[in-house]
Amino acid sequence: MIMTPDRKTLIGRTFPAVKYVISEDDIRDYLPVAGEEHLAFLSDEGARAAGYERRVIPPSFAPHIAVLGMLRSFDWEKDFFLDYKTGTAMFGEQELEYLRPLYVGETLTIQGTVVDVYEKQGKRLFDVAKVSVTVTDGEGAVAVRGALSYILFK
Amino acid sequence: MDTRQKAYFGDVHEGMTIPSATYGPMDRYSYIPIAIILRDTNPLHLDRVYARERGLPDVVQQGPLNETYLYRFLTDWLHRPWDLRKTKIRFAANVFPEDLLTCHGTITRKYRENGEPRVDCQIWQENQKGEKILLGEATFTLPERG
């Protein structure tokens, strides 16, 4: 039996900050897939009619930003002791708070820190790794904050 | 186009049901742009043979795309999409192509925070078999009639 190193040792680890531009391409791909049709997502005019200063993204895209930020900032093997080819990782819980709307074209910085790791027994034994996440804007102000937890099977 | 009647802060009360909404059927071709956006190359979402070798009936829809529909259930009903303030969502089961996802919500608390009208609710999403996919809580603001 292969022993997984103690993942509790990961608590406190801060992953490198990742920059993500909410690109026109990503939003153009996302809107039809998501069925998001509000005029505020389509143009600056539509956004202003809804009281936003410029074109916003759907709030439903925010979890995608948190998830893609984390996927780009950590390494499954090095940071979570998980062989991604044979191991299994799943989402546990996601908690997000939106401090302001997010705009198409803006550059965000996403950073995560492992704040807790604990073992649980379900049908199989697994670790839950809770990662706090902050999404900051170009001025360094936090736009979205929260936590994502990952289920890592042993 | 969402046809559910919108609510004002004065209209809602604790225990009230948010009108439910059903989305789907889920489409496996949606998983390709989501994989590209997330830069998540996990074959579990794209390769049916790989998924079946792992004992699954089909490819697994990406978790964030499951969340999309639970968010839309709220933000399509709210007066403005960014009236959503907080979400807390637990992943309970997988979604597969052709699934229908129905989203539900119940208001649990109505209050003001720094003068802003706030509403807390329990939300959940289930598939066509009634299996819970996502479970959680959300907070949003509603305008007052005026």
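Thresholds applied
Residues numbered from 1 in each chain as written. Chains lettered and ligands numbered in written order. Predicted model: local features only at pLDDT ≥ 70, side-chain atom pairs only at ≥ 80, totals over all residues. Heavy atoms only, no water. Helix = DSSP H or I, 4+ residues; strand = E, 2+ residues; numbered from the N terminus. Contact = heavy atoms within 4.5 Å. Areas by Shrake-Rupley, 256 points an atom, 1.4 Å probe, with all protein chains shown as cover. Pairing = 2+ DSSP bridges. Axes fitted to C-alpha atoms, helices over the stretch in contact; angles between N-to-C directions. Buried < 20%, exposed > 50% of the residue type's maximum accessible area, 1.4 Å probe, protein only. Left-handed = near helix turned anticlockwise from the far one by under 90°. Nonpolar A, V, L, I, M, F, W, Y, C, P; charged D, E, K, R; others polar. Polar contact = N/O pair within 3.5 Å; in protein donor to acceptor, adjacent residues only side chain to side chain. Buried area = accessible area lost by both parts, 1.4 Å probe.

**Q** Give me the lowdown on the overall build of chain A, citing residues and values where you can.
**A** Summing up its helical and strand segments, chain A has 4 helices and 5 strands in all. Along the chain direction, N to C, the helices and strands of chain A fall in the order β-α-α-α-α-β-β-β-β. Dimensions of chain A, computed from C-alpha atoms along their principal axes, come out at roughly 60 × 30 × 20 Å. Nonlocal contacts in chain A, meaning residues at least 24 apart in sequence, comprise 67% of its contacts between residues at least 6 apart. In the form shown here, chain A has an accessible surface area of approximately 7300 Å², with 53% of it arising from carbon and sulfur atoms.

**Q** Break down the sheet that holds strand E4 (residues 116-126) of chain B for me, with residues and values.
**A** Within the open sheet, the 10 strands sit side by side as E1(A)-E3(A)-E4(A)-E5(A)-E2(A)-E2(B)-E5(B)-E4(B)-E3(B)-E1(B). Their pairing is antiparallel. Edge positions in the open sheet fall to strand E1 (18-21) of chain A together with strand E1 (17-23) of chain B, since each of these has one partner strand only. Within this sheet the neighbouring strands show an average axis-to-axis angle of 20°, counted without direction. With 11 bridges connecting them, strand E4 (residues 125-136) of chain A and strand E5 (residues 142-153) of chain A associate as antiparallel partners. Residue pairing for E5(A): Ala129(A) is matched across the bridge by Tyr150(A).

**Q** Could you give me a rundown of the pairing of E5(A), with the residues and numbers involved?
**A** Residue and element names in this part refer to chain A. Counting buried residues in E5 gives 9 out of 12 residues, a clear majority hidden from the surface. With 8 bridges joining them, strand E2 (residues 89-98) and E5 adopt antiparallel strand pairing. Counterpart to Glu97 in the pairing with E5 is Arg145. Where E4 hands over to E5, the hairpin turn is made up of 5 residues, of which Gly140 adopts a positive phi near 85°.

**Q** Can you explain the packing of helix H1 (residues 24-34) of chain A against helix H1 (residues 31-38) of chain B? Please cite residues and give values.
**A** Contact pair H1(A) / H1(B): the axes reach a minimum separation of 10 Å and the direction vectors enclose 145°. Here the hand of the crossing between H1(A) and H1(B) comes out left-handed. Residues Asp26(A), Asp29(A), Tyr30(A) and Val33(A) of H1(A) lie in contact with H1(B), whose contacting residues are Pro33(B), Ile34(B) and Ile37(B). Of the residues belonging to the contact of H1(A) with H1(B), the class tally is 5 nonpolar, no polar and 2 charged.

**Q** Could you give an account of the side chain of Ser60(A), naming the residues involved and the relevant values?
**A** If you trace the backbone, Ser60(A) turns up in the loop between helix H2 (44-49) and helix H3 (62-73). Look at Ser60(A) and you get buried, because its relative accessible area is 0%. There is a polar contact of 2.6 Å between the side chain of Ser60(A) and the side chain of Glu36(A). Beyond its immediate stretch of four places on either side in the chain, Ser60(A) contacts Tyr30(A), Glu36(A), Thr68(B) and Tyr71(B).

**Q** Account for the interface of chain A and chain B, with residues named and values stated.
**A** Where interface size is quoted, it is often the accessible area lost as the parts come together. On the chain B side, the residues contacting the 41 residues of chain A number 33 residues. Of the roughly 3200 Å² buried at the junction of chain A and chain B (both faces included), carbon and sulfur atoms supply 58%. Counting across the chain A and chain B interface gives 14 residue pairs in polar contact (both at pLDDT 80 or more). Elements represented by at least two residues in the side of chain A that touches chain B include exactly H1, H3 and E2 of chain A. The dominant element in the side of chain A that touches chain B, judged by the number of residues it contributes, is E2(A), at 8 residues. When its residues are assigned to classes, the side of chain A that touches chain B shows 21 nonpolar, 10 polar and 10 charged. The pairing of E2(A) with strand E2 (residues 84-91) of chain B spans 5 bridges and is classified as antiparallel. Of the residues in E2(B), the one forming a bridge with Glu95(A) is Lys88(B).

**Q** Describe the environment of Gly15(B), and please don't skip the residues or the numbers.
**A** Residues and elements named next belong to chain B. In this fold, Gly15 is placed in the segment before E1. When the C-alpha atoms of Gly15 and Gln122 are compared, they prove to be 9.9 Å apart, with 107 residues separating the residues in sequence. Aside from chain neighbours lying at most four places away, what touches Gly15 is Thr106 and Ile107.

**Q** Quick rundown of unusual backbone geometry? Include the residues and the values.
**A** Residues and elements named next belong to chain B. A cis geometry characterises the amide bond from Gly24 onward to Pro25, with omega recorded as 0°. For Pro25, the position within the fold is in the loop between E1 and H1. Even without being a glycine, Arg39 presents a positive backbone phi close to 50°. Locating Arg39 in the fold gives a position in the loop between H1 and helix H2 (48-53). The backbone of Glu98 sits at a positive phi, close to 80°, despite the residue not being glycine. With respect to the secondary-structure elements, Glu98 resides in the loop between E2 and strand E3 (101-113).

Everything listed here is a matter of coordinates, which is why it stays silent on function.
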